[in-house]
Amino acid sequence: MRTLPVILAFLLLGSVASASVPSASPRSNEAAIPDTACPLPETEHLRIIEKSIIVDRAPEDVYAFWRDLTHVPEFMERVESVEIVDAELSRWNIKAPLGVHLHWTVQILSESAPHDLAWCTRDGARIRYQGRIELKSDTASGGTQATLRLKRRPPDPFIRVAMSLTGWNLETEVQMSLLRLKQRLERTPN
């Protein structure tokens, strides 16, 4: 009888995999996007994950690499591709657990080169989150302290089931993304 819950989970996930996830239409002008496009409801339980790493590169180098969002699949394992829509919007294709593919639109909320970049998933994403990368010179190492902070709403039940069945741990994934970022930037000449 233990196989019944697993079969049910796969059936539910199949419906998620075939579902289309709406994404925001491209922005035609600044007034088209309200300031409230990305906020997460403060009434919900939000999970915050914060991880840091020292990268042996200047903050300007780390910022420039991260800000070119087409580089994101190089260090975030589950991101398959990023399509740039305009200076603030991009469409991300994600490979979730159990072969589920998700798509969402990401909006840049604020940036202060070369020290800070904040973004969020837009309405319609199955996983809603706000992210921020903060970059500070690290005087002890001469490199950059990169701190990634994610604030996310719990995913819908289908995604939670997939995460549970596969043992997907977002904290570990965030730390591994920072480690891959470090490795990628440190093996590239200045």
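Residues numbered from 1 in each chain as written. Predicted model: local features only at pLDDT ≥ 70, side-chain atom pairs only at ≥ 80, totals over all residues. Heavy atoms only, no water.

A. Highlighting the pattern of salt bridges. Summed over all chains, the structure comprises 10 salt bridges. The partner of glutamate 50 in a salt bridge is arginine 149, and the shortest N-O contact between them spans 3.4 Å. One end of the pair, glutamate 50, is in strand β1 (residues 47–55); the other, arginine 149, is in strand β7 (residues 144–152), and 99 residues separate them in sequence. In this structure, the salt-bridge partner of glutamate 83 is arginine 91, at a minimum N-O distance of 3.8 Å. Residue class for glutamate 83 comes out partly exposed when judged on its relative accessible area of 44%. (Salt bridge = Lys/Arg side-chain N within 4 Å of Asp/Glu carboxyl O. Helix = DSSP H or I, 4+ residues; strand = E, 2+ residues; numbered from the N terminus. Buried < 20%, exposed > 50% of the residue type's maximum accessible area, 1.4 Å probe, protein only.)

B. Seen up close, the environment of aspartate 68. Tracing the backbone shows aspartate 68 in the loop between α2 (59–67) and α3 (72–75). Residues aspartate 68 and alanine 87, spaced 19 residues apart in sequence, show a C-alpha to C-alpha distance of 9.9 Å. At a separation of 2.6 Å, a polar atom in the side chain of aspartate 68 contacts the side chain of threonine 70. (Polar contact = N/O pair within 3.5 Å; in protein donor to acceptor, adjacent residues only side chain to side chain.)

C. Geometry of helix α5 (residues 170–186). In this model, α5 (17 residues) spans 24 Å end to end at C-alpha, consistent with the 24 Å of a helix rising 1.5 Å per residue. The complete set of buried residues in α5 reads Leu170, Glu173, Val174, Ser177, Leu178, Leu181 and Leu185. End-on, the buried residues of α5 take up no more than an arc of 140°, which puts them together on one face. Along its buried surface, α5 packs onto β1, α2, α3, β6 (129–137) and β7. (Expected span 1.5 Å × (residues − 1). Arc of directions from axis to C-beta. Contact = heavy atoms within 4.5 Å.)

D. How the structure looks around the packing of aromatic side chains. Here the structure, examined in full by the defined rule, presents four aromatic pairs. Taken together, a centroid distance of 6.0 Å and an interplanar angle of 40° make the contact between phenylalanine 65 and phenylalanine 75 tilted. With phenylalanine 65 in helix α2 and phenylalanine 75 in helix α3, this residue pair connects regions lying 10 residues apart in the sequence. Consider the rings of tryptophan 66 and tryptophan 119, whose centres lie 5.9 Å apart with planes at 40°: the pair is tilted. On the criterion of sequence distance, the pair formed by tryptophan 66 in helix α2 and tryptophan 119 in strand β5 (residues 116–121) is long-range, its members being 53 residues apart. The two residues tryptophan 66 and tryptophan 119 agree in class, both being buried. Taken together, the aromatic side chains of Phe65, Trp66, Phe75 and Trp119 make up a single cluster linked through ring pairs. (Phe/Tyr/Trp six-rings, centres within 6.5 Å; stacked < 30°, edge-to-face > 60°.)

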